[in-house]
Structure formats: structure tokens, C-alpha cells
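Each chain, letter by letter, is given below.
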Amino acid sequence: MASPRSFVRYCLIALRSPRGRDTMMFLLFVVISCILWAVLSLNDEKQYDLRLPMRITNVPDSVTLISPGPEALSVSLRAKGTQLMKMTVGRMPTVNVDFRAFRSDGTVHLSATDLKGLVRNATGGSQVSMVYPDSLSLPYTTHKGIRVPVRLDYKVTAGPQSALTGRPRLSADSVLLYTAGSAPDRADAVSTEPIHLLGIDKNTTLRVKLMAPRGTRLIPDSIDVTFEVEPLIFKSRKVVIEPINVPEGTKLITFPAQIDVFFMVPVSGYRQSDNHFRVVADYRTIRQGTGSRNVKLSLINVPSNFQNAHLSADSAEYIIERH
């Protein structure tokens with residue numbers, strides 16, 4: 001196997017040969033041609049479509065924009081390749097809108113000519129043929145915002161082996177509402193966008209937009225909503241059957257006197273689940289003369305966090321004693 005030194009010596013001999021010199025000369029001309037082509041191409045003007053970020057500057061602390069405007073402008077312009085490289089290599093130029101220069105009667109107004117001029121300045125003098133949106137009219141207010149409560153619009157269910165615990169947690173239960181013109185004395189609650197989650201089996205946090213009334217702005221305009229979920233544990237216990245609505249001088253005795261109740265309960269409520277519900281036998285449900293010796297049983301006062309609570313039997317035999 002040839003050593004590296006031998007390989008280098010072989011390459012040098014090949015380059016010094018007439019054929020090697022011709023090959024090197026050809027490659028040199030190819031490189032020069034590529035450079036000239038690139039320079040000429042970069043100096044040609046072409047049409048480009050870009051999205052340039054937009055920012056409103058020099059807004060006083062006492063002013064709140066009701067509509068902050070678009071985050072970016074879609075522009076179509078003619079520019080040299082060198083200009084495009086400056087705009088795309090590194091940071092895209094930002095179209096800065098000076099609040100002080102364009103405010104008038106509670107509105108920041110920019111015509112198509114204004115927007116094209118701002119884009120031209122931001123892009124180093126490019127020829128701007130189109131800007132979208134082609135004009136802007138952004139209302140603002142100097143009034144302080146009023147605090148309004150947040151109303152949650154949701155329909156959420158847990159999976160078959162889980163249960164929602166407590167009420168949903170909101171990152172903010174109220175927000176500031178700003179409106180153009182005179183400030184309102186009060187406002188009703190603002191609602192979140194509808195939330196629909198079915199069969200969740202773990203804690204879930206969503207970022208939810210708030211529904212701002214027309215012509216207003218909410219700060220913040222979205223909140224975090226957390227739904228807490230716990231696994232369910234199967235449990236059972238015996239409960240004494242209680243006769244109810246029994247006439248005076250009469251005694252209702254059921255067989256059996258106790259019955260099994262089955263239910264599922266969240267883990268956090270497992271130890272506190274023994275003193276809530278009742279099993280009752282209603283004397284008024286007995287139909288005299290039918291020959292039936294069974295009375296219907298009902299499960300009442302079941303806590304809302306219990307799932308699938310049911311009795312081992314829906315009736316019990318009985319006898320009536322009269323004194």
C-alpha cells in the first residue's frame with residue numbers, strides 16, 4: 001500500500017505534466033466563470049414576495065392600541081440580488097411605524113402610500129409594487145381598562161377510569177378590557193372560546209383565547225385553563241336500609257336489613273367516602289293487593305364525585321307490623 005508521501009509526490013508529478021496543467025487551467029476558468037455569473041445575477045433586479053415583520057414604535061405608556069395591527073406585512077418588490085441577500089441572510093428587516101407620525105383623532109391611520117414608503121425605507125430603497133394590507137386604521141384609547149371576570153365555556157369529560165376533581169383552574173379569573181371612545185363604567189363577563197375535551201385521563205392544561213367584544217381589546221387576550229384528573233378506585237360497603245314515609249303505628253322491616261353499595265371514587269376521596277349516601281325503602285312505593293312482597297330500594301345523597309354508584313339489588317323483601 002502506497003504511503004501518504006508517495007501519494008503526494010504522485011499528485012505533484014501529475015499536476016506538472018502537460019495534461020495536469022491543462023486540467024488546472026480549465027478548472028480555474030470554470031471558477032472565474034461561476035464568480036462572474038454570480039456577480040451579474042446578484043446585480044439583476046427581480047420581483048420578490050416577502051413577509052416583513054411590522055412594529056408600532058414610540059407608543060406612550062398612557063396609550064393602549066385597541067387593535068395592535070398585523071404582525072407582518074406581505075410585500076411584493078423589485079430588488080437586486082445583493083439587496084435580497086442583505087434582507088434574508090441574517091435578520092429580516094422590520095417595518096417600523098412611528099405612532100407619533102400617524103396618529104389622528106384616536107386612530108393610527110396609514111394609507112397605501114404611507115405603507116409603501118415605510119417598506120421602501122426598511123428594504124434599502126427597493127421598488128415596492130404591492131403591500132398587503134394596503135392600508136391600516138388602528139384605533140387607540142387613553143382611558144384605563146376596566147376589570148371584567150372571565151367566564152369559562154367548556155364541555156369536558158373524564159375517561160371511564162378517571163374523574164375530574166374540583167373546578168377548572170384559570171391562570172387569571174379576570175382581565176382588563178379597553179375600548180375606543182369613552183370608557184364604560186362596567187362590563188359583563190368575557191367568555192373563553194368553547195373548549196371540548198372528551199375522555200381525558202390526566203391533568204390537562206390548555207391556552208385558550210378570550211372572546212373580546214367588537215371594538216375592544218382584552219389584556220391578556222388568552223389564559224391557561226387546567227383540568228385536574230384523578231384515577232378512580234372501586235369500593236363497596238354495606239349500608240343499613242332505612243324505611244321512610246311509614247305511617248304512625250306501622251313498622252316496615254326489610255330482609256335483608258343491610259345491602260351492598262358499589263361505587264368508584266377518586267383516590268383523594270377514598271378515605272372520606274363512608275358517611276354520605278343512604279339507602280331507603282319508601283313505604284309509599286308498596287302496592288297493596290298485588291301479591292308482591294318486595295319494596296323498591298333507592299340510593300340517595302350520593303356525592304357528585306362518586307361514579308357509577310349502584311346497589312347489589314334494586315329491591316328487598318319486607319314485612320309490615322302494625323301496633
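Residues numbered from 1 in each chain as written. Predicted model: local features only at pLDDT ≥ 70, side-chain atom pairs only at ≥ 80, totals over all residues. Heavy atoms only, no water.

In this section: unusual backbone geometry. With an omega of -5°, the peptide bond running from Y132 to P133 counts as cis. Looking at where P133 falls in the secondary structure, it is placed in the loop between strand 7 (127-132) and strand 8 (136-141). A cis amide bond links I219 to the next residue, P220, at an omega of -5°. Within the element layout of this structure, P220 appears in the loop between strand 17 (216-219) and strand 18 (222-227). Located in the positive-phi region is N58, a residue other than glycine, with phi close to 55°. Examined against the element boundaries, N58 turns out to sit in the loop between strand 1 (45-57) and strand 2 (64-65). A residue is classified by how much of its surface remains accessible, and N58, at 39% relative accessible area, is partly exposed. One non-glycine residue with positive phi stands out, namely D105, at about 55°. Looking at where D105 falls in the secondary structure, it is placed in the loop between strand 5 (103-104) and strand 6 (107-110). (Helix = DSSP H or I, 4+ residues; strand = E, 2+ residues; numbered from the N terminus. Buried < 20%, exposed > 50% of the residue type's maximum accessible area, 1.4 Å probe, protein only.)

One open sheet holds the four strands; their spatial order is 14-9-13-17, and the pairing between them is mixed. In this open sheet, the two strands that pair with only one neighbour each are strand 14 (190-191) and strand 17. (Pairing = 2+ DSSP bridges.)

This paragraph deals with the layout of surface pockets. Picture a little ball the size of a water molecule; that probe, rolled over the atoms, points out where space is still empty. In this model, the largest pocket occupies a volume close to 160 Å³. Around the largest pocket, the lining residues are A158, G159, P160, S162, A163, L164, T165, G166, L232, S304, N305 and Q307. When grouped by side-chain class, the residues that make up the lining of the largest pocket number five nonpolar, seven polar and no charged. (1 Å grid on protein atoms, 1.4 Å probe; cavity = no way out; pocket = protein on both sides within 12 Å on 5 of 7 lines; lining within 4 Å. Points joined across faces, edges and corners; volume = space filled by probe spheres on them. Nonpolar A, V, L, I, M, F, W, Y, C, P; charged D, E, K, R; others polar.)

Let us look at the environment of T226. When you line up the elements, T226 lands in strand 18. According to the relative accessible area criterion, T226 is buried, its value standing at 11%. Each C-alpha atom, one on T226 and one on T205, is 4.2 Å from the other, the two residues being 21 residues apart in sequence. Setting aside residues up to four positions removed in sequence, T226 forms contacts with P168, R169, T204 and T205. At 3.0 Å, the side chain of T226 forms a polar contact with the side chain of T205. (Contact = heavy atoms within 4.5 Å. Polar contact = N/O pair within 3.5 Å; in protein donor to acceptor, adjacent residues only side chain to side chain.)

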